[in-house]
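# Results of the structural survey
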Amino acid sequence: MNLSQALSFSSYAQRMVAARSEYRDTWEGAPEKTLDWDSVVTQPIAAALAHGDADGLAAVLRQVRQHVMLHTMARDLIGLADLDEVCGNMSRLASDALTAAVTLHQTQLAETRGWPRDTSGTIQPFIIVGMGKLGGSELNVSSDIDLVFLYPEDGETDGSRPLSNHEFFVRLGQRVIAAIDEITADGFVFRVDMRLRPYGESAPLAVSFDALEHYLTAQGRMWERYAWLKAQALTGSAYHDELQQLITPFVYRKYLDFDAYEGLRDVREQIRTQGKTRGYAHNIKLGSGGIRDIEFIAQALQIVRGGRIPALQLRGTRTALKALGERTLLPNDAVHDLLAAYDFLRRVEHRLQYRDDLATQTLPEDEASRTALAHSMNFASSADFQEALDTHRQCVVRHFETLLGYGNEGLSSTPSAQVHPTPSSTDFAWDTPETPTLLRQTLLSRRFSDPDTIADRIVRTRESKRYATLPERSRQRFDALTQQLTDIASTTASTATTPNVENAIDTLFLRMFTLLETISRRSAYLALLSEHPQTLPTLARLLAASSWAADYLNRHPILLDELLSPHILLAEPDWIVWRKELTKILEAHTGDTERQMDELRHFQHSQTFRLLAQDIAGQLAVERLSDHLTALADLILETTLTHCWRTLMPEDAPPPRFAIIGYGKLGSKEMSYGSDLDLVFLYKVGDDGDEAVARYTRLAQRMNTWLTSTTAAGNLYLTDLRLRPDGSSGLLISRWDAFLRYQREKAWTFEHQALTRARFIAGDNELGAAFMRERAVLLQQPRDIAVLRRDIITMRERMLEGRSNPTALFDVKHDRGGMVDIEFLVQFLVLAHAHRFPTLTRNTGNVALLTSAATLGLIAATEAEAAIQAYRFYRRRQHTAQLQEIDNAMIEPSLTENERSSVLALWEKLLAP
């Protein structure tokens with residue numbers, strides 16, 4: 001479309017160009033460059049303010065508006081302006097016009113009534129809050145502007161004829177509205193809508209911060225959280241932070257807030273109801289698959305998660321969609337489709353408004369107008385345009401239903417059963433004399449082995465004080481979920497890969513019902529499962545496979561959120577992405593140590609749960625799982641060190657000469673769920689001597705507190721610091737030269753055994769490298785083999801004395817021929833032969849070291865392979881036991897006769913006196 005065709009498209013532009021030559025100049029000059037804001041807007045407004053004439057300012061604002069409108073329209077229609085330029089121009093114009101109106105009218109009102117002040121004498125500003133598209137800087141070309149008028153504190157003006165601050169700002173608001181909204185010979189600037197203020201259109205025009213806070217706290221409704229999400233203060237910049245601190249807790253909760261979906265459903269249902277009477281089918285904003293649906297998707301996910309993820313607290317729809325995509329809270333294809341649809345629909349919206357400068361989003365009915373609209377969108381025919389429009393809207397509807405769990409009829413008052421049907425669900429009335437009988441019959445039909453016991457458990461829970469004190473909506477959700485769990489337990493326990501547990505259906509149901517009881521006081525969690533019933537089968541498979549998973553979820557129910565995104569839940573970790581994500585999360589809460597500690601725990605729990613899900617799904621071998629759990633611990637330790645140092649030192653302080661050394665399972669990269677962290681802290685001092693010791697001691701203490709404290713978010717890790725020189729009686733931190741001297745001169749054999757599994761984790765790289773070099777030197781010392789044998793055997797005997805097994809079962813870890821024996825054998829091979837074969841000092845794990853020993857001819861290949869297979873077998877059995885919360889993996893001796901025999905044979909060969 002060229003400039004002449006663009007002019008033919010807009011009756012409004014034709015009127016303006018015919019009315020004034022300067023408007024024609026603006027239209028014809030538009031293709032040359034973007035709008036010169038200073039000359040077109042800023043200077044004329046400044047000149048009008050200098051004259052101090054209200055009528056003169058009103059005229060200038062309207063004339064400026066016509067110039068901005070014409071220039072923006074021309075560039076848009078001929079394809080030179082993108083959506084950012086169009087919306088940016090209109091939003092900036094609204095802000096500048098409102099600021100000018102406030103500046104002039106506040107000054108004039110203060111000349112007769114004085115300046116409004118609080119009780120301390122501070123002048124109070126008039127704060128205009130832009131809501132909706134203005135707040136999001138997404139204003140369309142002929143839009144109303146939704147405003148709320150505020151002032152910080154009550155008081156009165158300081159003039160000879162004083163007014164209360166409230167009355168002053170009400171009068172000022174009336175003047176500002178007239179300056180912007182009234183239609184004069186020059187037209188209007190923007191239509192003003194004040195209905196979003198507290199208590200609506202019947203309420204006072206301006207309110208104080210205290211009044212706003214009281215309203216939002218006591219009476220703010222769910223739909224208002226969506227409205228205030230986009231709120232942006234346009235005037236009174238000195239108070240913007242204070243206002244934002246007031247609004248944010250209302251819009252965003254600290255927890256995952258799935259109750260927000262119900263509020264969204266209510267708003268959407270009202271729009272649907274209106275649509276049936278007002279005919280929204282052709283409305284590209286309010287109709288199905290329209291602009292509002294895209295905004296709802298972004299806003300719903302922001303409100304649900306924005307309290308936990310501050311980076312989602314964004315006003316713009318497109319920026320919010322992109323942020324959701326970056327955090328994989330929206331699939332990439334959804335982000336792409338919704339952004340494309342939003343751009344298309346907003347451009348259509350602008351063209352509908354360009355025609356006659358009307359705030360409309362309704363498609364024309366006559367063919368001539370539809371064809372003109374199609375041409376303005378660069379389509380050859382109205383049919384082609386309609387096909388593209390339908391494709392975008394259908395795409396929005398599909399994502400709306402998929403992401404928010406609604407049926408094909410759109411949003412209804414309850415989630416659509418067509419989307420996520422509950423298998424063979426049979427509803428029955430609760431709280432009737434027949435309820436217990438009907439419940440037992442239902443359980444019997446679901447193949448529960450002990451329906452009486454299960455029914456009694458359900459009835460007792462529903463008769464409990466805890467249940468009675470739940471809000472009515474929570475009780476309704478609890479009852480509905482209880483019925484669904486009976487179905488899901490029956491279907492899942494009979495099909496899932498589960499351990500040999502008697503009464504599998506009953507066991508699974510009780511695990512799920514216990515979780516339901518745990519979360520019942522948090523309506524958001526009940527809402528999560530109710531709004532997303534597709535999560536229940538995944539949840540059931542996890543709990544069927546592992547009682548440890550059930551316990552973990554009971555301790556950290558916030559992890560239920562992870563079930564919503566299977567593509568993330570089952571994706572193997574990307575450590576680069578994880579590191580960046582954790583950095584962003586913690587930096588968002590700089591200065592808030594308690595929040596950072598909580599977020600660190602949330603992150604660790606989430607990643608552990610994802611690994612658990614992949615483990616149970618059979619995607620990870622035990623060795624691979626251990627690699628990931630160890631890498632997670634490494635990341636947590638590195639991050640904890642960084643942030644603890646920041647809490648102790650100035651921002652410009654150099655990094656600490658401090659290193660974290662990992663021992664045991666952490667050091668050998670063989671961590672499992674719930675493994676302790678065996679740690680040693682090393683440091684180097686410079687000229688500051690004693691100050692460094694005190695500083696690094698505080699650092700180690702603070703790190704240990706961060707790692708081991710139980711906060712509102714739960715716990716992180718248990719630490720074991722006893723492997724430092726002199727054990728529990730020694731200093732918490734070890735000076736590097738003293739540590740090295742101790743290892744060379746005083747360390748016991750068992751301490752060098754531990755050293756075979758030690759590695760540098762985080763901290764000063766130079767110190768870490770020095771440790772790894774000296775570790776290799778220490779392990780390569782020639783040793784008296786007889787003394788080494790004696791020491792290792794003595795230590796093994798002490799361990800056996802401390803862990804007697806009174807049962808007839810075989811303890812795969814501690815009994816003779818088990819895992820500990822294999823670990824001791826590997827340590828003997830390293831300490832006995834590393835002086836000849838330095839490659840044995842590599843901390844590559846027991847399996848790799850056994851393979852190396854065979855390659856070097858220290859043991860036969862068959863012996864190495866037998867020990868490796870035994871070790872892997874034991875680890876799998878130990879892992880299976882842990883998933884069922886069994887402390888020690890105990891099995892029938894006959895099931896492991898070959899493994900034990902091969903390990904004991906190798907022990908006899910290498911260590912027998």
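Here the structure is a predicted model, which is why all the values come from computation and not from measurement. (Residues numbered from 1 in each chain as written. Predicted model: local features only at pLDDT ≥ 70, side-chain atom pairs only at ≥ 80, totals over all residues. Heavy atoms only, no water.)

### A word on the overall build of the protein
Along the backbone of the protein there are 39 helices and 14 strands. In terms of its C-alpha atoms, the protein occupies a principal-axis envelope of roughly 110 × 80 × 60 Å. Per-residue burial over the protein gives 55% buried out of 913 residues. Relative to all contacts within the protein whose residues are 6 or more apart in sequence, the contacts with residues 24 or more apart total 73%. Here the protein has roughly 39,000 Å² of accessible surface; of this, 50% comes from carbon and sulfur atoms. Across the protein, the centroid of the 99 positively charged side chains sits 3 Å from that of the 118 negatively charged ones. (Helix = DSSP H or I, 4+ residues; strand = E, 2+ residues; numbered from the N terminus. Buried < 20%, exposed > 50% of the residue type's maximum accessible area, 1.4 Å probe, protein only. Contact = heavy atoms within 4.5 Å. Areas by Shrake-Rupley, 256 points an atom, 1.4 Å probe, with all protein chains shown as cover. Lys, Arg positive; Asp, Glu negative; His and termini not counted. Charge placed at Lys NZ, Arg CZ, Asp CG, Glu CD.)

### Examining the packing of helix α5 (residues 54–77) against helix α8 (residues 165–181)
α8 packs onto α5 with a crossing angle of 45° between their chain directions and a minimal axis gap of 9 Å. Classified by the angle their axes make, α5 and α8 are oblique. Across the interface between the two elements, A58, L61 and R62 of α5 pack against A178, A179, I180 and D181 of α8. Tallied by class, the residues present in the contact of α5 with α8 amount to five nonpolar, no polar and two charged. (Axes fitted to C-alpha atoms, helices over the stretch in contact; angles between N-to-C directions. Parallel < 35°, antiparallel > 145°, perpendicular 65-115°, else oblique. Nonpolar A, V, L, I, M, F, W, Y, C, P; charged D, E, K, R; others polar.)

### Description of the nonpolar core
Among the nonpolar cores identified, the biggest contains 161 residues, and W228, L330, F658 and I660 are the most heavily contacted of them. Element by element, the count of residues in this core is highest for helix α29 (residues 622–648), at 11 residues. (Core = buried A, V, L, I, M, F, W, Y, C linked by side-chain atoms within 4.5 Å.)

### A look at the side chain of R775
By the element assignment, R775 lies in helix α34 (residues 765–779). Of the side chains with opposite charge, E774 comes closest to the buried, unpaired R775, at an N-O distance of 11 Å. Look past the residues within four positions of R775 in its chain and what remains in contact with it is L755, T756, A758, T841, R842 and N843. (Salt bridge = Lys/Arg side-chain N within 4 Å of Asp/Glu carboxyl O.)

### Thoughts on helix α9 (residues 209–218)
Three or more residues of α9 are buried, namely F209, L212, Y215 and L216. Seen end-on, α9 carries its buried residues on one side only, within an arc spanning 130°. The exposed residues of α9 that point more than 90 degrees off its buried face are D210, H214, T217 and A218. Those residues of α9 that are buried lie in contact with β2 (127–130), β3 (144–151), β6 (206–208), α10 (222–229) and α11 (240–251). (Arc of directions from axis to C-beta.)

### Some details on the pattern of salt bridges
Here the idea is simple: oppositely charged side chains can pair when their charged atoms come close. Throughout the structure, instances matching the rule amount to 43 salt bridges. The salt bridge partner of E599 is R308, with a shortest N-O separation of 3.8 Å. On the criterion of sequence distance, the pair formed by E599 in helix α28 (residues 593–616) and R308 in the loop between α13 (291–305) and α14 (317–326) is long-range, its members being 291 residues apart. Accessibility classification places E599 together with R308 in one group, the buried group. The residue R759 makes a salt bridge to D634 at a minimum N-O spacing of 3.0 Å.

### Some remarks on a negative patch on the surface
On the surface, a cluster of negative charge is contributed by E153, D154, D210, E213 and E242. For E213, the position within the fold is in helix α9. (Patch = residues over 30% accessible without salt bridge, like charges linked within 9 Å, V, L, I, M, F, W, Y side chains within 5 Å.)

### Brief notes about the environment of A54
Along the chain, A54 falls in helix α5. Note on A54: relative accessible area 22%, which makes it partly exposed. Distance in space between the C-alpha atoms of A54 and A101 is 8.4 Å, their sequence separation being 47 residues. Setting aside chain neighbours within four positions, we find A54 in contact with L104, H105 and Q108.

### Some thoughts on the environment of V141
Relative to the helices and strands, V141 resides in the loop between α7 (132–135) and β3. As a C-alpha pair, V141 and G674 span 533 residues in sequence and 58 Å in three-dimensional space. Contacts of V141, omitting those with residues within four sequence positions, involve R65, M69, V86, M90, H350, Q353, Y354 and D357.

### Topic: the packing of aromatic side chains
Pairs of aromatic rings are described using the distance from one ring centre to the other and the angle between the two planes. Here the structure, examined in full by the defined rule, presents 25 aromatic pairs. For the pair Y151 and F169, a centre-to-centre distance of 4.9 Å together with 20° between the ring planes defines the contact as stacked. One end of the pair, Y151, is in strand β3; the other, F169, is in helix α8, and 18 residues separate them in sequence. The exposure classification of Y151 matches that of F169, with both residues buried. Ring pairs connect the aromatic residues F126, F149, Y151, F168 and F169, which therefore count as one cluster. Sitting above the plane of the Y696 ring, R695 keeps its charged end 5.5 Å from the centroid. (Phe/Tyr/Trp six-rings, centres within 6.5 Å; stacked < 30°, edge-to-face > 60°. Lys NZ or Arg CZ within 6 Å of the ring centre and 35° of its normal.)

### Focus: the layout of surface pockets
Of the voids in this model, the second largest pocket is the one considered here, and its volume is about 1,300 Å³. Surrounding the second largest pocket, 40 residues form its lining, D146, R195, L196, K285 and R292 being those nearest its centre. For the lining of the second largest pocket, the elements supplying multiple residues, two or more each, are α7, β3, α10, α12 (260–278) and α13. It is α12 that contributes the most residues to the lining of the second largest pocket, five residues altogether. Among the residues making up the lining of the second largest pocket, the classes are represented as 15 nonpolar, 11 polar and 14 charged. (1 Å grid on protein atoms, 1.4 Å probe; cavity = no way out; pocket = protein on both sides within 12 Å on 5 of 7 lines; lining within 4 Å. Points joined across faces, edges and corners; volume = space filled by probe spheres on them.)

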